[in-house]
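Structure assessment
For reference, the chains in residue letters:
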Amino acid sequence: MSTGIVLQQMGVITILVAIGIYLYKKKVVDDYVSQKLSVIVMDICNPALILASILSGNITATHKDLITGMILGAVFYIGLVILGFIFPYIVRAGKDSRRFYNLMTVYTNVGFIGIPVARAILPENAILYVIVCNVMYCLLFYTHGIVILSNGKEKMSIRKVFSPGTIMAILSLVVFWFGITPPPIISNSISFIGNANVFLSMTLLGVGIARSGISAGLKNFRIWIYIAVRMILVPVILFFTLRAMNFNSVTILGLCLMAEMPIGNLPLIQSEKMGEDTELLSNAIAISTVASIFTITILMSIFTGLAK
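All figures in this text were calculated on a predicted structure; none of them were measured in a lab.

Thresholds, definitions, all that
Residues numbered from 1 in each chain as written. Predicted model: local features only at pLDDT ≥ 70, side-chain atom pairs only at ≥ 80, totals over all residues. Heavy atoms only, no water. Phe/Tyr/Trp six-rings, centres within 6.5 Å; stacked < 30°, edge-to-face > 60°. Helix = DSSP H or I, 4+ residues; strand = E, 2+ residues; numbered from the N terminus. Buried < 20%, exposed > 50% of the residue type's maximum accessible area, 1.4 Å probe, protein only. Core = buried A, V, L, I, M, F, W, Y, C linked by side-chain atoms within 4.5 Å. Contact = heavy atoms within 4.5 Å. Lys, Arg positive; Asp, Glu negative; His and termini not counted. Salt bridge = Lys/Arg side-chain N within 4 Å of Asp/Glu carboxyl O. Polar contact = N/O pair within 3.5 Å; in protein donor to acceptor, adjacent residues only side chain to side chain. Axes fitted to C-alpha atoms, helices over the stretch in contact; angles between N-to-C directions. Parallel < 35°, antiparallel > 145°, perpendicular 65-115°, else oblique. Left-handed = near helix turned anticlockwise from the far one by under 90°. Nonpolar A, V, L, I, M, F, W, Y, C, P; charged D, E, K, R; others polar.

This part covers the packing of aromatic side chains. Within this structure, the stated rule accounts for nine aromatic pairs. Plain terms: the ring middles of Phe87 and Tyr101 are 6.2 Å apart, the flat faces sit at 50 degrees to each other, and that makes the pair tilted. Placement of Phe87 in helix H3 (residues 63–90) and of Tyr101 in helix H4 (residues 98–106) is noted, with a sequence separation of 14 residues between them. Comparing Phe87 with Tyr101 shows no difference in burial state: the two are buried. Pairwise contacts between aromatic rings join Tyr107, Tyr137, Phe141 and Tyr142 into one cluster.

With that settled, consider the nonpolar core. Core analysis: the largest hydrophobic core is formed by 96 residues, its most contacted members being Ile54, Tyr77, Leu122, Ile131, Leu257 and Met300. A per-element tally of this core places helix H6 (residues 127–149) first, with 17 residues. Those residues in contact with Tyr77 that lie beyond four places of it in its chain are Val106, Val110, Cys133, Met136, Tyr137 and Leu140.

We now examine the side chain of Arg230. Summarising the element assignment, Arg230 is placed in helix H11 (residues 221–244). It turns out Arg230 is buried and unbridged, and the closest side chain with the opposite charge, Glu260, is 9.1 Å from it. At 2.7 Å, the side chain of Arg230 and the backbone oxygen of Ala259 are in polar contact.

Moving on to the packing of H11 against helix H12 (residues 249–259). In helix packing, the relevant descriptors are the interaxial angle and the interaxial distance, both defined with respect to the helix axes. Running from amino to carboxyl end, H11 crosses H12 at an angle of 165 degrees, the nearest separation of the two axes being 8 Å. Classified by the interaxial angle, the pair formed by H11 and H12 is roughly antiparallel. Judged by the twist between their axes, the crossing of H11 over H12 is right-handed. On the side of H11, the interface is formed by Arg230, Met231, Pro235, Leu238, Phe239, Leu242 and Arg243, while H12 contributes Ile252, Leu255, Cys256 and Ala259. Residues that form the contact of H11 with H12 fall into these classes: nine nonpolar, no polar and two charged.

A separate point is unusual backbone geometry. Generally, phi is negative for residues other than glycine and the peptide bonds are trans, each holding for most cases. With phi around 55 degrees, Arg92 is a residue other than glycine that occupies positive phi space. Among the secondary structure elements, Arg92 is positioned in the loop between H3 and H4. Its identity is not glycine, yet Asn246 carries a phi of approximately 65 degrees, on the positive side. With respect to the helices and strands, Asn246 occurs in the loop between H11 and H12.

None of this, on its own, says anything about what the molecule does.
See the structure below:
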């Protein structure tokens with residue numbers, strides 16, 4: 001994968017995001033339609049894209065690669081959990097907002113944005129690391145995340161851990177491990193459903209940017225520090241650490257891309273359900289998402305050149 005391909009694919013993604021902004025401004029897609037389409041993307045298209053990537057026959061990774069990915073994914077998220085406790089003190093966040101910065105540090109958008117972007121700009125084998133990160137994300141959010149957000153008042157929800165996305169991600173790993181090949185009618189159907197994911201998810205991302213009060217958070221210097229530390233510094237440190245340990249370029253690029261993702265929507269959704277003030281999360285999600293278009297393009301272009 002060359003730097004030119006990264007720039008080209010991120011350019012395509014930018015156009016798709018712009019289409020979403022246009023559709024929202026023209027009221028073709030309103031909040032109700034966006035909400036319903038988000039469910040389709042998260043529960044149907046995203047899981048299908050994951051499995052379709054495994055069934056494509058283009059993945060040449062081995063069992064050893066998967067085991068390595070699971071170990072690295074676990075270590076990566078352990079590091080994020082530790083950083084999540086530290087970061088609020090780095091930016092001197094108020095006592096009431098520390099838990100939000102904690103969640104923002106750990107729970108980025110490795111699914112809704114991460115899966116289609118990875119599929120667009122990374123080699124096929126990198127999908128294994130994307131799947132692992134998505135499984136880790138779900139396992140952690142409904143255990144660690146819920147406890148942090150509620151200050152220990154809410155109980156862990158093991159049932160919610162097994163969302164359609166998590167189940168499909170685990171199923172995809174099982175299919176890969178045992179080399180299962182379903183009938184063409186099944187694999188083709190999954191492929192067609194998964195192919196709709198990139199357009200729908202990026203368009204909905206544009207809709208989300210268009211309806212967010214992004215200007216309200218531009219003056220919040222802590223959000224900019226977050227972007228500098230979490231979305232730039234962490235991936236850079238991760239890249240040079242993995243390269244120093246002689247991991248292959250696919251492993252490095254796959255994990256670094258996941259480290260570059262903007263803040264995820266799940267903390268915001270859960271906060272709204274709990275009746276929390278979500279202004280900080282809303283502003284941070286909008287700003288980090290817009291910033292990610294530039295940070296991902298620049299960092300992945302640099303990493304691609306250095307990883308050769």
